[in-house]
Amino acid sequence: PVSTLLGERALNTAVLATAALLFATAIGIPVGIYSGSRTRGLGRSYGDSSLPPPSQPIVAATSLADRVLAFDATTGDLRAEAGFSARDLMRTFLPRGWVTPVSPGTQFVTLGGMVAADVHGKNHHRDGTIGRHVQRLRLRVGTGAIVECSPTVEPELWWATIGGMGLTGIIVEA
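As the structure is a prediction and not an experimental result, all values here were calculated from the model.

**Q** Talk me through the environment of Leu-42; I want residue IDs and the actual numbers.
**A** Among the secondary structure elements, Leu-42 is positioned in the loop between β1 (38–40) and β2 (59–61). With relative accessibility at 37%, the residue Leu-42 sits in the partly exposed group. In the structure, Leu-42 is positioned 41 residues away from Gly-83 in sequence and 8.2 Å away in space, judged by C-alpha atoms. In contact with Leu-42, other than residues within four places in its own chain, are Ser-63, Ser-85, Phe-108, Val-109 and Thr-110.

As structure tokens, then:
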């Protein structure tokens, strides 16, 4: 009967989908890094910059890398994974009296995406872009190595990454 067939296929589909998800999660970032594909946070970049070209359809997703790693309640300094969204940033820190110095036009962007695009807000004339307020970055570069950079450590990589649209590597944390 059809009902038995549907039940069997639904179970097979669920098992295969779960296996595919686990496999993609396990190799997703290495495949993305070594194949030269794009990294995607929440997909709200201007134009089509978060979309891969047809010749490189693999995209390394960062939206699950969304943890706060450190926060100094005295200075407001934050260290977080690149997939931490502007929405979660506001929900977490606004009740504590903290707000980002630069807020993009949407809350549906990631911290890594904000840095990669060097976003600006309505206060650009006074406070500049987000890159002016980031103190250091951790990147996974094309060789697979994790590199720390700042205006004084690996400054060429730093300045190429701020607003570099992900061309220097995957922003791991900021």
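**Q** Give a detailed account of the sheet that holds strand β5 (residues 137–140), specifying residues and quantitative values.
**A** Pairing within the open sheet is antiparallel, and its 3 strands lie in the order β6-β5-β7. The open sheet has two edge strands, β6 (146–149) and β7 (170–173), and neither has a second partner. Within the sheet, the average angular offset between the axes of one strand and its neighbour, ignoring direction, is 35°. Of the pairings in the sheet, the one linking β5 to β7 comprises 3 bridges and is antiparallel in character. In the strand pairing of β7, Arg-138 is matched with Glu-173.

**Q** So what about the nonpolar core? Which residues, and what values?
**A** Grouped together as the largest cluster of nonpolar side chains are 25 residues, with contacts concentrated most on Val-115, Val-134, Leu-137 and Ile-171. Where this core is concerned, the elements lending two or more residues are α2 (86–93), α3 (111–117), β5, β6 and α5 (155–161). The element contributing the most residues to this core is α3, with 4 residues. In this view, Ile-171 contacts Ala-82, Gly-112, Val-115, Ala-116, Leu-137, Arg-138, Leu-139 and Thr-161; residues no more than four positions away in its chain are not counted.

**Q** How would you summarise the packing of aromatic side chains if you had to cite specific residues and measurements?
**A** If you walk through the whole model with that rule in mind, you get 3 aromatic pairs. Judged by centre distance (4.4 Å) and plane angle (40°), the rings of Phe-71 and Phe-93 are tilted. Placement of the pair is Phe-71 in strand β3 (residues 68–71) and Phe-93 in helix α2, with a sequence separation of 22 residues. Ring geometry for Trp-158 versus Trp-159: centroids 6.1 Å apart, planes at 85°, classification edge-to-face. Judged by its relative accessible area of 54%, Trp-159 falls in the exposed class. Put simply, the rings of Phe-71, Phe-93 and Trp-98 touch in pairs and so form one group of aromatic residues.

**Q** Summarise the side chain of Thr-110; cite the residues concerned and give the values.
**A** Position of Thr-110 among the secondary structure elements: in the loop between α2 and α3. If sequence neighbours within four positions are ignored, Thr-110 has contacts with Gly-41, Leu-42, Ala-82, Gly-83, Phe-84 and Ser-85.

**Q** Quick one: what's the story with the pairing of β6, residue by residue and with numbers?
**A** Here β6 shows a buried face lined by Val-147 and Cys-149 and an unburied face lined by Ile-146 and Glu-148. In this structure, β5 lies alongside β6, joined through 4 bridges in antiparallel fashion. In the sheet register, Leu-137 faces β6, and the bridge partner there is Cys-149. Hairpin connection from β5 to β6: 5 residues lie between these consecutive antiparallel strands, with Gly-144 at a positive phi of about 100°.

**Q** Explain unusual backbone geometry to me, and be specific about the residues and the numbers.
**A** Backbone geometry at Asp-118 places phi at a positive 45°, although glycine is not the residue there. Mapped onto the elements of the fold, Asp-118 is located in the loop between α3 and α4 (124–127). If you check the backbone angles, Glu-154 has positive phi at about 55° while not being a glycine. Here Glu-154 lies in the loop between β6 and α5. For Glu-154, a relative accessible area of 42% gives the class partly exposed.

Definitions and cut-offs
- Residues numbered from 1 in each chain as written.
- Predicted model: local features only at pLDDT ≥ 70, side-chain atom pairs only at ≥ 80, totals over all residues.
- Heavy atoms only, no water.
- Helix = DSSP H or I, 4+ residues; strand = E, 2+ residues; numbered from the N terminus.
- Buried < 20%, exposed > 50% of the residue type's maximum accessible area, 1.4 Å probe, protein only.
- Contact = heavy atoms within 4.5 Å.
- Pairing = 2+ DSSP bridges.
- Axes fitted to C-alpha atoms, helices over the stretch in contact; angles between N-to-C directions.
- Core = buried A, V, L, I, M, F, W, Y, C linked by side-chain atoms within 4.5 Å.
- Phe/Tyr/Trp six-rings, centres within 6.5 Å; stacked < 30°, edge-to-face > 60°.

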